[in-house]
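# A structural walkthrough
In case you want the letters, here they are:
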Amino acid sequence: MTPAAAPAVDATEIRRRTRELLAAHPPATTERTDFLKARFDAGLAWVHYPVGLGGLDAPRSLQQAVDAELAAADAPDNDPRRIGIGLGMAAPTILGFGTDEQKRRFLRPLWVGEEVWCQLFSEPGAGSDLAALATRAVRDGDDWVVDGQKVWTSSAHVARWAILIARTDPDLPKHRGISYFICDMTDPGVDVRPLRQITGEAEFNEVFLSGVRIPDSHRLGPVGEGWKVAQTTLMNERVSIGGSRIPREGGMIGPVSQTWRNRPDLRTHDTHQRLLTLWVEAEVARLTGERLRQQLVAGQPGPEGSGMKLAFARLNQEISGLEVELLGDEGLLYGDWTMVRPELVDFTGRDAGYRYLRSKGNSIEGGTSEVLLNIVAERVLGLPSEPRNDKDVAWKDLSR
């Protein structure tokens with residue numbers, strides 16, 4: 001006899017379960033981490049994930065009902081800006097390609113925020129052309145021994161784990177000889193060094209890997225198919241950067257709009273017209289991001305996220321440039337040049353000068369704008385791909 005299917009979870013049931021969680025673990029008297037663990041175990045972390053892994057196999061759209069109930073009760077969140085790489089990149093990749101044991105081991109502490117993640121993808125000689133990476137992973141019994149260098153690694157200085165791609169077969173073409181691993185950032189062979197940026201901060205790092213041993217049980221996906229696994233990470237990364245949920249006048253457009261309202265002495269006809277244009281573009285981008293998130297309910301993120309990330313970078317740079325120009329001499333001031341290694345990045349934090357300088361990185365991080373233009377052209381618009389003469393050439397034979 002075929003067992004009866006589990007009843008579907010609807011908004012009413014979601015709210016009931018959320019209220020039960022709040023009654024059993026009152027936010028005012030429950031330690032923050034304990035509350036988050038209880039929320040995960042109740043399936044209310046990300047409701048579209050499987051039962052037992054923080055979800056209820058429910059439609060993604062029902063997460064809004066959970067979040068609304070918890071916000072009304074002033075319940076703590078998991079500080080998503082601090083653990084954004086884990087939430088937006090590592091988790092969906094582990095869910096898609098991890099073993100049952102890997103999912104059970106990593107997803108709960110990742111979501112709760114007990115373990116911070118970073119991304120070891122880009123290299124000094126393989127940034128825009130990521131598949132040309134040279135970091136090697138050589139099999140040694142039940143382990144892989146990794147040697148190489150990664151760069152532009154956000155949060156590496158506070159991360160416990162990293163998602164890593166490395167070359168496991170140099171005799172294959174560059175896209176086919178890559179494997180995907182979970183790297184322990186506490187391994188003695190991992191050396192994290194700060195990269196001080198134009199803002200004065202060092203949120204990025206370069207990471208040197210020397211004889212790092214990774215057990216084969218920490219490999220995601222089959223050997224040699226790391227590029228396929230990495231595509232899931234990259235598509236989710238671009239959605240998380242360019243398609244994050246923000247309110248109207250959220251993001252970069254908020255501070256400059258507020259300055260315009262509060263400082264009529266700074267207004268000119270030209271800046272007025274430019275602000276109106278950028279305000280409309282920012283609102284269009286926000287609503288497009290909302291539509292993209294609704295599309296995610298039906299499946300995995302597609303190349304449309306690359307278009308959103310493109311718009312995010314361009315708008316941030318144009319808006320922050322307008323803000324500096326609007327402020328005149330005040331826009332040239334810079335509040336604090338102290339070299340710090342922050343745990344999170346606030347794109348709208350600090351002063352106008354910080355926003356202007358920090359936005360320059362938006363067209364590099366998460367995929368350069370040039371690479372994303374190619375992705376949009378080929379995978380969204382269906383235009384012919386650029387000619388390539390390295391498609392079937394072994395990586396070891398490529399000129400570097």
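The rules behind the values
- Residues numbered from 1 in each chain as written.
- Predicted model: local features only at pLDDT ≥ 70, side-chain atom pairs only at ≥ 80, totals over all residues.
- Heavy atoms only, no water.
- Helix = DSSP H or I, 4+ residues; strand = E, 2+ residues; numbered from the N terminus.
- Rg over C-alpha atoms; globule rule 2.2 N^0.38 Å.
- Buried < 20%, exposed > 50% of the residue type's maximum accessible area, 1.4 Å probe, protein only.
- Contact = heavy atoms within 4.5 Å.
- Areas by Shrake-Rupley, 256 points an atom, 1.4 Å probe, with all protein chains shown as cover.
- pLDDT = per-residue confidence, 0-100.
- Pairing = 2+ DSSP bridges.
- Axes fitted to C-alpha atoms, helices over the stretch in contact; angles between N-to-C directions.
- Parallel < 35°, antiparallel > 145°, perpendicular 65-115°, else oblique.
- Left-handed = near helix turned anticlockwise from the far one by under 90°.
- Patch = residues over 30% accessible without salt bridge, like charges linked within 9 Å, V, L, I, M, F, W, Y side chains within 5 Å.
- Salt bridge = Lys/Arg side-chain N within 4 Å of Asp/Glu carboxyl O.
- Nonpolar A, V, L, I, M, F, W, Y, C, P; charged D, E, K, R; others polar.

### Side note on the overall build of the protein
- When helices and strands are tallied, the protein shows 11 helices and 8 strands.
- For 400 residues, the compact-globule estimate of 2.2 N^0.38 gives 21 Å, and the protein sits close to it at 23 Å.
- If you line up the protein on its principal axes, its C-alpha atoms span 70 × 60 × 45 Å.
- Counting across all 400 residues of the protein, residues that qualify as buried make up 50%.
- Once local pairs closer than 6 in sequence are excluded, the contacts in the protein between residues at least 24 apart make up 71%.
- A total of about 19,300 Å² of accessible surface is found on the protein, and carbon and sulfur atoms cover 53% of it.

### Section: the confidence of the model for the protein
- Confidence in the prediction of the protein, expressed as mean pLDDT, is 90, and 94% of residues score 70 or more.
- In this model residues 1-6 is a low-confidence stretch, pLDDT under 50, and it forms 0 contacts with partners more than four residues away in sequence or in other chains.

### Side note on the pairing of strand S3 (residues 143-150)
- Across 5 bridges, strand S2 (residues 136-140) lies against S3 in antiparallel orientation. Looking across to S3, one finds that Asp 140 is bridged to Asp 143.
- Between the antiparallel neighbours S2 and S3 lie 2 residues, among them Gly 141 with a positive phi of about 65°.
- As paired elements, S3 and strand S7 (residues 204-215) share 7 bridges and run antiparallel to each other. The residue of S7 that forms the bridge with Gln 149 is Phe 208.

### Description of the packing of helix H4 (residues 84-97) against helix H5 (residues 100-112)
- Contact geometry for H4 and H5: axes closest at 10 Å, N-to-C directions at 165°. Classified by the angle between their axes, H4 and H5 sit roughly antiparallel to one another. Two packed elements cross with a definite hand, and for H4 against H5 that hand is left-handed. Where H4 approaches H5, its residues Gly 86, Leu 87, Ala 90, Ala 91, Ile 94, Leu 95 and Phe 97 are matched on the opposing element by Gln 102, Lys 103, Phe 106, Leu 107, Leu 110 and Trp 111.

### Topic: the pairing of strand S5 (residues 178-184)
- Among the 7 residues in S5, 6 count as buried, and that is most of the element.
- Direction of pairing for strand S4 (residues 161-167) relative to S5: antiparallel, over a ladder of 7 bridges. What sits directly across from Leu 164, in S5, is Phe 181.

### Structural notes on a nonpolar patch on the surface
- Taken together, Val 380, Leu 381 and Leu 383 make up a surface patch of nonpolar side chains, about 280 Å² in accessible area.
- Taking relative accessible area as the criterion, Leu 381 reaches 59% and is therefore assigned exposed.

### Some remarks on the packing of helix H2 (residues 32-41) against H5
- Here H2 crosses H5 at 135°, and the two axes come no closer than 9 Å. In terms of axis orientation, H2 runs oblique to H5. For the crossing formed where H2 meets H5, the hand is right-handed. The segment H2 lies against H5, with Thr 33, Leu 36, Lys 37, Arg 39, Phe 40 and Asp 41 engaging Leu 107, Arg 108, Trp 111 and Val 112.
- Classifying every residue of the contact of H2 with H5 by side-chain character gives 5 nonpolar, 1 polar and 4 charged.

### Topic: the environment of Arg 274
- Considering the arrangement of structural elements, one finds Arg 274 in helix H8 (residues 269-296).
- On the accessibility criterion, Arg 274 (29% relative accessible area) is partly exposed.
- Put simply, Arg 274 and His 25 are 249 residues apart on the chain and 50 Å apart in space, counted from C-alpha to C-alpha.
- With residues near it in sequence (within four places) discarded, Arg 274 still touches Leu 322 and Glu 325.

### What to know about the environment of Trp 144
- Structurally, Trp 144 can be placed in strand S3.
- A relative accessible area of 4% places Trp 144 in the buried class.
- Along the primary structure Trp 144 and Ile 214 are separated by 70 residues, whereas in three dimensions their C-alpha atoms are 5.1 Å apart.
- Discounting residues that sit within four places of it in the chain, Trp 144 has contacts with Ala 137, Val 138, Arg 139, Thr 168, Phe 181, Val 212, Arg 213, Ile 214, Asp 216, Arg 219 and Val 223.

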